[in-house]
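Structural characterization, general
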Amino acid sequence: MPTIVVLDVSLSMTRFIPGQSEEQITYHQLAVQGINQFLDYLSSTSKLEYVSLLVYSSLFEIIVDFTRDYDAIKQALTKIDHYDKTSIANMLTAVNNILLSNWGSQNFCQILVFTDCGIGFGSTSLASAIASIKMAKTKKDPSQGLILPFSYTSKLSFICLGSTEDQYFQTAVKLYQELLDVSGQKGFLFIPKRKSDVDYVKKEEKTTVTSPLSVQSINDLVAKMCETNFKQFEAVLKCGGYFKLESLINIWPAPLPYTNKETDVTSIISRKLEICGFVSLSDIGSPMSISRHLILPKMDQVNKKFSKSEAVNEYEKLEADIKMFYSKSDGANSDDESPPCQANELAKESVCVLLHGALKVENMAALILLNENWFGFIYSYADSKKKSNLMLTVLPPGHDVIPWLGDLRYVGNIEDTQQDNAVFPVKPIDKRSYSQNCVVWIKQAGLQSDIQKVLRHAKKLPEKTQNFYKELNRIRRAALSLGFVELLDGLSSLFEREIALLPSNASPDCALQLKHTAMELRKLTNRDLKTMITALPSKYNQL
């Protein structure tokens, strides 16, 4: 989930904050403080987040491209200069181009704008940008205005630096909110809260006192933004069976609610994920999916530290519990005994590691129930030769989303198919009389193979005359069915070139048939599917 941090570097950001009695602080310094706090939050909770830093005024500049080195962004913040007026439209256009060029339209993106809510003036003002969005929506022409929302799923948030007692700031906040409403871009305005003191001199009257903008207020504001936009998705992963293994996990990035466009029904992933079974990766193939996520053990459990003596005692206790459990399991009445993995917290933390190792070795995936009638798969994914992760693929809601596996609610053991050495997908016993091989050109190699087959038959004329015209008509029908008329012209040119390249010992009928075929393929009367190209009668093929 890439995040782009946008910093306003217009001249208004160099102003000192009014109401500061001890130390003079500018709006720019407060914004830098908020960005640093945000980067610290990512360092402790989401180290895998890609972040980029962009500054803007009337123009824009990429200070730091997408990276996980948050220290590099912090260092770049100390070397930023200020420029002229604010232009929201140019900034949004730049952000859209940067995210599309780096991540495409299939990723969820976060856009955080730190600004003092300057509205600009003239043709580059915020009011002009809002009018441009309305014009683009009315005429539905990208060249007529600013197009929002973006083509990809994104969230646009403004961290507004200002005092709610300032009338100019109040007007600017209303325009920024109108920008979010008109554009349809999901996002929020984060505004510093006013601290109120209660005057108890008069019991029924309350006096509200607004505190000046400070470092503490920006820290609270960024903390609220992180809690809203970057909160970790914590869940419980359960694996059934006798041991009933379970573990607290974090899913990154946080899965978004899925809305079916046809039924307009929104589904949300449950906080309790249950593994239903295991399927070979070769049987799953590459089904259509909504999103992919990393599964990580919960950080507070991973960071739990023991002293050397405590660790030795814990592992000795765990080993003793395991020996005791398996010694008792030999008896007849061992069902009431609880497994040792429930009694010891260390065993819970190894569930993710155990699952990852088992799936990697066995080359299998775990079928997981995300919510009612909603499934996904957990498997080991290696992004390099030395590093692999536990990955979650979220399928569309429904029980029949993988056609070759059938209804996922009824997937059982392979022994239940009542077939010897059965593999998925299970083929029907009855053979259909109308089943036959069809031409499939998904990749370039398939088309190239079919053309080479025709050329091999052509070089063996007249012995392979029947096979040559059979394969030629087969390719011709497929090309006409797909509307691939250019292939017929290409074959004609290819046959003409092959005539000049024929060896001296080739049959004269070979050149005759290739020339005849090239002429027939170019005729418009032969563009009908029912028409067949037949061989040219000659003394060599005795037709």
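Here the structure is a predicted model, which is why all the values come from computation and not from measurement.

Cut-offs used in this document
Residues numbered from 1 in each chain as written. Predicted model: local features only at pLDDT ≥ 70, side-chain atom pairs only at ≥ 80, totals over all residues. Heavy atoms only, no water. Pairing = 2+ DSSP bridges. Helix = DSSP H or I, 4+ residues; strand = E, 2+ residues; numbered from the N terminus. Axes fitted to C-alpha atoms, helices over the stretch in contact; angles between N-to-C directions. Contact = heavy atoms within 4.5 Å. Salt bridge = Lys/Arg side-chain N within 4 Å of Asp/Glu carboxyl O. Buried < 20%, exposed > 50% of the residue type's maximum accessible area, 1.4 Å probe, protein only. pLDDT = per-residue confidence, 0-100.

So, on to the sheet that holds strand β7 (residues 233-239). Pairing in this closed barrel of 7 strands is mixed, and the strands run β7-β8-β12-β15-β14-β13-β11 around the ring. This sheet shows a mean twist of 40 degrees between the axes of neighbouring strands, independent of strand direction. Summarising the sheet, β7 and strand β8 (residues 245-252) pair through 7 bridges and their orientation is antiparallel. When the bridges of β8 are listed, Glu234 appears paired with Asn250. Taken strand by strand, helix α12 (residues 351-362) contacts β7, β8, β11 (272-280), β12 (291-297), β13 (364-371), β14 (374-382) and β15 (388-394), and its axis lies near 90 degrees from that of β15.

The next thing to look at is the pattern of salt bridges. Close approach of charged atoms lets side chains of opposite charge pair. Applying the stated rule across the entire model yields 11 salt bridges. For the salt bridge of Glu471 with Lys453, the shortest nitrogen-to-oxygen distance reads 3.3 Å. One end of the pair, Glu471, is in helix α14 (residues 465-482); the other, Lys453, is in helix α13 (residues 444-458), and 18 residues separate them in sequence. A relative accessible area of 10% means that Glu471 is categorised as buried. Residue classification places Lys453 among the partly exposed positions, given a relative accessible area of 32%. One network of salt bridges, with partners in common, ties together Asp450, Lys453, Glu471 and Arg474.

Looking now at the confidence of the model for the protein. The pLDDT averaged across the protein works out to 78; a share of 78% of its residues lies at or above 70. Considering only residues more than four positions removed or in separate chains, one finds that residues 301-308, a stretch of pLDDT under 50, has 7 contacts. The low-confidence segment residues 328-348 (pLDDT under 50) makes 28 contacts with residues lying over four places distant or belonging to another chain.

As a further point, take unusual backbone geometry. In this structure, the amide linkage connecting Trp252 to the following residue, Pro253, adopts the cis form with an omega of -10 degrees. By secondary structure assignment, the location of Pro253 is in the loop between β8 and β9 (258-259). With an omega dihedral of 5 degrees, the bond running from Leu461 to Pro462 counts as a cis peptide bond. Relative to the helices and strands, Pro462 is located in the loop between α13 and α14. For Cys117, which is not glycine, the phi dihedral falls at a positive 65 degrees.

Below, the discussion takes up the environment of Lys47. Relative to the helices and strands, Lys47 is located in the loop between α1 (27-45) and β2 (51-56). Overall, Lys47 belongs to the exposed group, its relative accessible area being 60%. For the pair formed by Lys47 and Tyr70, sequence separation is 23 residues and the distance between their alpha carbons is 9.0 Å. Ignoring anything within four residues of it in the chain, the contact list for Lys47 reads Leu42, Arg68 and Tyr70.

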